[in-house]
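# Structural features, examined
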Protein chains: 2
Amino acid sequence: MAYPGYGAPAAFCPPMFTPPAASDPMWGFFTAVAGQDGEVDAEELQTCLTQSGFSGSYTPFSLDTCRIMISMLDKDYSGKMGFGEFKELFTALNGWKQNFMAFDRDRSGTVERHEMIQAISAMGYQVSPRVLDVMVKRYSRRGRIYFDDYVACCVKLRALTDNFRRRDMMQQGRVTFLYDDFILCTMAV
Amino acid sequence: MAYPGYGAPAAFCPPMFTPPAASDPMWGFFTAVAGQDGEVDAEELQTCLTQSGFSGSYTPFSLDTCRIMISMLDKDYSGKMGFGEFKELFTALNGWKQNFMAFDRDRSGTVERHEMIQAISAMGYQVSPRVLDVMVKRYSRRGRIYFDDYVACCVKLRALTDNFRRRDMMQQGRVTFLYDDFILCTMAV
Ligand SMILES: [Ca+2]
Ligand SMILES: [Ca+2]
Ligand SMILES: [Ca+2]
């Protein structure tokens, strides 16, 4: 039987051609955030997201969520983001924000269990009801999922799925992990 | 070649005999923290650790660290702790606190990279230098690992190792995961 797939398109394919960064409208913003070392770490990202008002009336991003966001993109495990990754992150963040607002159907400002099930499924992930339960319990407070935790949950699911997919050469939905590699691709997210 | 093992004794073996909870000196403390539902969730745990002054002069525990602590013990994925797990958690926390103080050799109040390598190794984990790098980058701020993040890191490594070990029937250091099970045992920690 063919494996039905674990859903969601492969994330963050590198573009075919990357224009010179300096001509990009986001370049000035990036260099201001990155500071002297030219890369953005978790604390710089948190400051930038807070100051730019990205969360709006939602809860601001915790340092932990910022770390998870960076680790999602951080293929070389440097703990920092260059310009390309910074842009990818903002694209993804805008997607999750729209998604969050769309699935908060009763406009409570939070996503509840039944709304989360629809959101995860709309993103294309195919997970069992048991996994959905675990996710909702892990990321909700008194049954409500706030925007910060919603993003942390989406980022983590995406990073774990990407790590799994990269090792699932035959796309069979099955991967054999050595202990060290298992810890490598799960500790950072 | 025999696999050298991934170290660290199996965590949280259930005791052979559990005395009636009411005769236990921690019972009153537990019931006060747990409230009406008789179980401790992440927010109750955070309040309890803050009010009891457990962190001392160290940074208080974030809600995220409290959630990870509960998920480590939460075999039925209820998101809450009963009395037995609550006691196990305090035993583990005391161990990590002693461990943290012991390996902070220069008494900076934080554990630095070279101190962390010794701490992880003393706990019995056998991970590659690359995994150690990833852990230090993920849990440090400007090169320093604070107590809250140290505990989050230890809890996560222990929970992931336990999940892996439980599936590694032959103790070969190798486990084949289906996608859904991989997400189940990595999303909650
Ligand atoms: Ca920087
Ligand atoms: Ca809602
Ligand atoms: Ca130190």
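Residues numbered from 1 in each chain as written. Chains lettered and ligands numbered in written order. Predicted model: local features only at pLDDT ≥ 70, side-chain atom pairs only at ≥ 80, totals over all residues. Heavy atoms only, no water.

Under the annotation held in an unreviewed UniProt entry, chain A carries the name Grancalcin-like and is attributed to Salarias fasciatus.

What follows is about the packing of helix 6 (residues 129-139) of chain A against helix 7 (residues 147-167) of chain A. Residue and element names in this part refer to chain A. As a packed pair, helix 6 and helix 7 sit with axes 10 Å apart at the nearest point and diverge in direction by 140°. When the axes of helix 6 and helix 7 are compared, the pair comes out oblique. Along this stretch, helix 6 crosses helix 7, giving a crossing that reads as right-handed. Counted together, Met-135, Arg-138 and Tyr-139 of helix 6 and Asp-149, Ala-152, Cys-153, Lys-156 and Leu-157 of helix 7 form the full contact between these two elements. Of the residues contributing to the contact of helix 6 with helix 7, the split by class is five nonpolar, no polar and three charged. (Axes fitted to C-alpha atoms, helices over the stretch in contact; angles between N-to-C directions. Helix = DSSP H or I, 4+ residues; strand = E, 2+ residues; numbered from the N terminus. Parallel < 35°, antiparallel > 145°, perpendicular 65-115°, else oblique. Left-handed = near helix turned anticlockwise from the far one by under 90°. Contact = heavy atoms within 4.5 Å. Nonpolar A, V, L, I, M, F, W, Y, C, P; charged D, E, K, R; others polar.)

For the structure on display, the rule yields 14 salt bridges over all chains. Where Asp-133 of chain B meets Arg-113 of chain B, a salt bridge forms, and the shortest distance between an N and an O atom there is 2.3 Å. Separated by 20 residues along the polypeptide, Asp-133 of chain B in helix 6 (residues 129-139) and Arg-113 of chain B in helix 5 (residues 113-122) bring together distant segments of the chain. For Arg-167 of chain B, the salt bridge is made with Asp-181 of chain B, and the minimal N-O distance between the two is 2.7 Å. Linking Arg-167 of chain B in helix 7 (residues 147-167) with Asp-181 of chain B in helix 8 (residues 179-187), this pair joins segments that are 14 residues apart in sequence. For Asp-181 of chain B, a relative accessible area of 23% translates into the label partly exposed. Among the charged side chains, a salt-bridge network with shared partners connects Arg-67 of chain A together with Arg-141 and Asp-149 of chain B. (Salt bridge = Lys/Arg side-chain N within 4 Å of Asp/Glu carboxyl O. Buried < 20%, exposed > 50% of the residue type's maximum accessible area, 1.4 Å probe, protein only.)

Quick look at the interface of chain A and chain B now. Across the boundary between the two partners, chain A contributes 48 residues, which contact 48 residues of chain B. Here chain A and chain B share an interface that buries about 4,500 Å² over both sides, 60% of which is from carbon and sulfur atoms. The three residues of chain A that bury the most area against chain B are Arg-138, Tyr-179 and Met-187 of chain A, which together make up 19% of that side's buried surface. For the interface between chain A and chain B, the tally reads four salt bridges. Among the salt bridges present, the one from Arg-138 of chain A reaches Asp-64 of chain B, with a minimum N-O distance of 3.5 Å. The interface formed by chain A and chain B contains 18 residue pairs in polar contact (both at pLDDT 80 or more). Sorting elements by how many residues they give to the side of chain A that touches chain B places helix 8 (residues 179-187) of chain A first, with eight residues. Split by residue class, the side of chain A that touches chain B holds 26 nonpolar, nine polar and 13 charged. Pairing of strand 3 (residues 174-178) of chain A with strand 3 (residues 174-178) of chain B, which is carried by five bridges, proceeds in the antiparallel orientation. Within strand 3 of chain B, the position partnered with Phe-177 of chain A by the bridge is Val-175 of chain B. (Buried area = accessible area lost by both parts, 1.4 Å probe. Polar contact = N/O pair within 3.5 Å; in protein donor to acceptor, adjacent residues only side chain to side chain. Pairing = 2+ DSSP bridges.)

Before going further, it helps to spend a moment on the coordination of the calcium ion (ligand 2). All names here are of chain A. Summarising the metal site, the calcium ion (ligand 2) is bound by the protein donors Asp-104 (OD), Asp-106 (OD), Ser-108 (OG), Thr-110 (O), Glu-112 (OE), Glu-115 (OE) and Glu-115 (OE), whose distances to it range over 2.3 to 2.9 Å. Between the donor residues of the calcium ion (ligand 2), the gaps in sequence give the motif D-x1-D-x1-S-x1-T-x1-E-x2-E. By relative accessible area, Ser-108 is classed as partly exposed at 32%. Judged by relative accessible area, Glu-115 falls into the buried class, the value being 1%. (Donors = N, O, S within 2.8 Å, 3.2 Å for Na, K, Ca; no water.)

Before going further, it helps to examine the coordination of the calcium ion (ligand 3). Around a metal, the ideal angle is 109.5 degrees if four donors adopt a tetrahedral arrangement and 90 or 180 degrees if six donors adopt an octahedral arrangement. Of the protein atoms, only Asp-104 of chain B (OD), Asp-106 of chain B (OD), Ser-108 of chain B (OG), Thr-110 of chain B (O), Glu-112 of chain B (OE), Glu-115 of chain B (OE) and Glu-115 of chain B (OE) coordinate the calcium ion (ligand 3), at distances of 2.2 to 2.9 Å. Expressed as a motif, the donor residue spacing for the calcium ion (ligand 3) is D-x1-D-x1-S-x1-T-x1-E-x2-E.

The next subject is the UniProt feature "domain: EF-hand" (unreviewed entry) in chain A. Per the UniProt record, "domain: EF-hand" (unreviewed entry) is annotated on residues 91-126 of chain A. Segment residues 91-126 of chain A splits into 64% helix and 6% strand. End C-alpha atoms: 23 Å apart. (UniProt positions renumbered as here; feature names shortened; annotations may be inferred.)

Grouped together as the largest cluster of nonpolar side chains are 128 residues, with contacts concentrated most on Met-69 and Trp-96 of chain A together with Met-69 and Trp-96 of chain B. In contact with Trp-96 of chain A, not counting residues within four places along its chain, are Met-72, Met-123, Phe-147, Tyr-150, Val-151, Cys-154, Val-155 and Arg-158 of chain A. (Core = buried A, V, L, I, M, F, W, Y, C linked by side-chain atoms within 4.5 Å.)

Right, let's talk about the state of the cysteines for a bit. Under the defined criterion, the tally for this structure stands at zero disulfides over all chains. There is no disulfide at Cys-154 of chain A, and the cysteine sulfur nearest it, in Cys-153 of chain A, is 5.7 Å away. (Disulfide = S-S within 2.5 Å.)

Attention now moves to the environment of Ala-42 of chain B. Residue and element names in this part refer to chain B. Take Ala-42: it is sitting in helix 2 (residues 42-51). Judged by its relative accessible area of 12%, Ala-42 falls in the buried class. The spacing of Ala-42 and Gly-79 is 37 residues in sequence and 7.7 Å in space, taken between C-alpha atoms. Leave out the neighbours within four places in its chain, and Ala-42 touches Leu-63, Cys-66, Arg-67 and Ile-70.

Our next topic: the environment of Arg-158 of chain B. Structurally, Arg-158 of chain B is set in helix 7. Along the primary structure Arg-158 of chain B and Val-189 of chain B are separated by 31 residues, whereas in three dimensions their C-alpha atoms are 9.8 Å apart.

Right, let's get into the packing of aromatic side chains. Within this structure, the stated rule accounts for 40 aromatic pairs over all chains. Residues Phe-86 of chain A and Phe-90 of chain A carry aromatic rings whose centres are separated by 5.0 Å and whose planes lie at 55° to one another, so their mutual orientation is tilted. On the criterion of helical spacing, the pair formed by Phe-86 of chain A and Phe-90 of chain A is a turn pair, its members being four residues apart in helix 4 (residues 83-103). Residue class for Phe-90 of chain A comes out buried when judged on its relative accessible area of 11%. Ring pairing ties together the aromatic residues Trp-27, Phe-29, Phe-30, Phe-54, Tyr-58, Phe-61, Phe-83, Phe-86, Phe-90, Phe-100, Phe-147 and Tyr-150 of chain A, which thus form one cluster. Directly above the ring of Phe-54 of chain A sits Lys-97 of chain A, whose terminal nitrogen or CZ lies 4.7 Å from the centroid. Taking the ring centre of Tyr-139 of chain B as reference, the NZ or CZ of Arg-138 of chain B above it sits at 4.8 Å. (Phe/Tyr/Trp six-rings, centres within 6.5 Å; stacked < 30°, edge-to-face > 60°. Lys NZ or Arg CZ within 6 Å of the ring centre and 35° of its normal.)

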